[in-house]
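If you want the building blocks of each chain, they are given just below.
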Amino acid sequence: MKSVEPRLAREWLRRWDAQQERYVADREARFATIGRVVAHALRDVADPLILDLGCGPGSLSARMAGRLPAAEIVGVDVDPLLLALARGGHPDAARFVEADLGVPGWSALLGLSRKADAAMSTTALHYLPPDVLAQVYLELAGQLRPGGIFVNADNLYDEQPTIADLAAAVRRSSAAQHNEDWGSWWRAVAEEPALAELLAEREALLGHGADHRVPVSVHADLLRRAGFSEVGTVWQVGDDTILVAVR
Ligand SMILES: C[S@@+](CC[C@H](N)C(=O)[O-])C[C@H]1O[C@@H](n2cnc3c(N)ncnc32)[C@H](O)[C@@H]1O
């Protein structure tokens, strides 16, 4: 399993977190809220198993490991470079596994020995169109124990254009607009010789992702159809939303 040297990984992770704050207003508040939700839902579970879907370089897994040190956390992502940064920068936080959520059967690659108590995701599932999300939610439902929860934090949209525009304006007003952007971060990675091999692997594997702007109501509908009994928003700032579903 590939990993980046810890000091170098931590440097790139710090820069990643700043870059993501350009798109996610008060990202640490979002992480802290996910932590509170998961900790409360699992308050009676001594050694919970928690999945992080689209974990990237492990920012949320690491914060959850800090909040729930007894938890076993499994992060899954399709990007070999971001996973190698996660393993190097957060070696004790989680087990980081490469799998494409868009390919049915991804959960078999996670090496799980039991059903998970919770799954979480942040700024990741917008890459998936509704038909793929439907499959992902169905497969996820099969991996969560009854009463387990799924927490999806993302910029989730309203179907009404004026409301969506106002919500986006609220988010933008408190996001770190002057931080480095996504393109600049990846261009800087391309200048780093120690990451060249991982970048080539990534480029051979992945196309360019897009935001499918799936409305929050569609997420809720797909989750209910996949077998989740309750679905609702527990936190929202503009269109930055934390949606929780109960298995
Ligand atoms: C914007 S990043 C967010 C990463 C991390 N959750 C964070 O907040 O720092 C989106 C992540 O979703 C992952 N992703 C996109 N499509 C995916 C797929 N089909 N399967 C697994 N991961 C995927 C990307 O590789 C990337 O790591």
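Residues numbered from 1 in each chain as written. Predicted model: local features only at pLDDT ≥ 70, side-chain atom pairs only at ≥ 80, totals over all residues.

Looking at an unreviewed UniProt entry, the protein chain carries the name Methyltransferase domain-containing protein, with the source organism given as Nonomuraea indica.

(A) Inspection of the pairing of strand E6 (residues 230-237) at higher detail. Pairing analysis gives seven bridges linking E6 to strand E7 (residues 240-246), with the strands arranged antiparallel. In the sheet register, Val 231 faces E7, and the bridge partner there is Ala 245. Once E6 ends, the chain turns through two residues before running back antiparallel as E7, passing Gly 238 with a positive phi of about 60°. (Pairing = 2+ DSSP bridges. Helix = DSSP H or I, 4+ residues; strand = E, 2+ residues; numbered from the N terminus.)

(B) Broad picture of the site of the ligand. Near the ligand, the surroundings consist of 18 residues, among which Gly 54, Gly 56, Asp 79, Leu 101 and Ala 124 are the closest. For the shell around the ligand, the class distribution of residues is seven nonpolar, eight polar and three charged. (Near = placed C-beta within 6 Å. Nonpolar A, V, L, I, M, F, W, Y, C, P; charged D, E, K, R; others polar.)

(C) Region of the structure containing the pairing of strand E4 (residues 116-122). Here E4 lies mainly inside the structure; seven of its seven residues are buried. Pairing of strand E1 (residues 49-53) with E4 involves four bridges; the strand directions are parallel. Across the sheet, Leu 51 pairs through a bridge with Ala 119, a residue of E4. Where E4 lies against strand E5 (residues 144-155), six bridges are found, and the strand directions are parallel. Pairing of Ala 118 across the sheet is with Ile 149, part of E5. Crossover handedness for the path E4 to helix H5 (residues 130-143) to E5: right-handed. (Buried ≥ 20, exposed ≤ 12 C-beta atoms within 10 Å, placed from the backbone. Right-handed = clockwise from strand over helix to strand, strands pointing away.)

(D) Broad picture of the UniProt feature "domain: Methyltransferase" (unreviewed entry) in the protein chain. Here, the residues flagged by UniProt with the feature "domain: Methyltransferase" (unreviewed entry) are residues 50-148. Regarding residues 50-148, the helix share stands at 33% and the strand share at 26%, and the terminal C-alpha atoms are separated by 10 Å. (UniProt positions renumbered as here; feature names shortened; annotations may be inferred.)

(E) Region of the structure containing unusual backbone geometry. Although it is not a glycine, Asp 26 sits at a positive phi angle of roughly 45°. In this fold, Asp 26 is placed in the loop between helix H1 (6-20) and helix H2 (27-41). At Thr 123, a residue that is not glycine, the phi angle is positive and equals roughly 50°. In this structure, Thr 123 sits in the loop between E4 and H5.

(F) Region of the structure containing the sheet that holds E6. The strand order E3-E2-E1-E4-E5-E7-E6 describes an open sheet built from seven strands, whose pairing is mixed. Single-partner strands in this sheet number two, and they are strand E3 (95-98) and E6. Between one strand and the next, the sheet's axes are offset by a mean angle of 20°, whatever the strand orientation. Pairing between strand E2 (residues 72-77) and E3: four bridges, direction parallel. By the bridge assignment for E3, Val 74 is matched with Arg 95. Against the sheet, helix H4 (residues 80-89) contacts E2 and E3, and its axis sits at roughly 170° relative to E3. (Axes fitted to C-alpha atoms, helices over the stretch in contact; angles between N-to-C directions. Contact = placed C-beta atoms within 7 Å.)

(G) The packing of H5 against helix H9 (residues 216-225), seen in detail. At a closest axis distance of 9 Å, the pairing of H5 and H9 adopts a crossing angle of 40°. Accordingly, the angle class assigned to the pair H5 and H9 is oblique. In terms of crossing hand, the pair formed by H5 and H9 is right-handed. Judged by residue contacts, Pro 130, Leu 133, Ala 134 and Tyr 137 of H5 engage Val 218, Leu 222 and Leu 223 from H9. (Parallel < 35°, antiparallel > 145°, perpendicular 65-115°, else oblique. Left-handed = near helix turned anticlockwise from the far one by under 90°.)

(H) Examining the packing of H4 against helix H8 (residues 196-205) more closely. Viewed as axis vectors pointing N to C, H4 and H8 meet at an angle of 140°, and their least axial separation amounts to 8 Å. It follows that H4 is oblique to H8 by the angle criterion. The segment H4 lies against H8, with Pro 80, Leu 81 and Ala 84 engaging Leu 198, Leu 199, Glu 201, Arg 202 and Leu 205. Along the lines of polarity and charge, the residues of the contact of H4 with H8 split into six nonpolar, no polar and two charged.

(I) Looking closely at the environment of Phe 150. By secondary structure assignment, the location of Phe 150 is in strand E5. When the 25 C-beta atoms within 10 Å are taken as the criterion, Phe 150 is described as buried. Note: C-alpha distance between Phe 150 and Ile 50 (100 residues apart in sequence) is 9.5 Å. Aside from chain neighbours lying at most four places away, what touches Phe 150 is Ala 119, Leu 140, Leu 144, Phe 228 and Ala 245.

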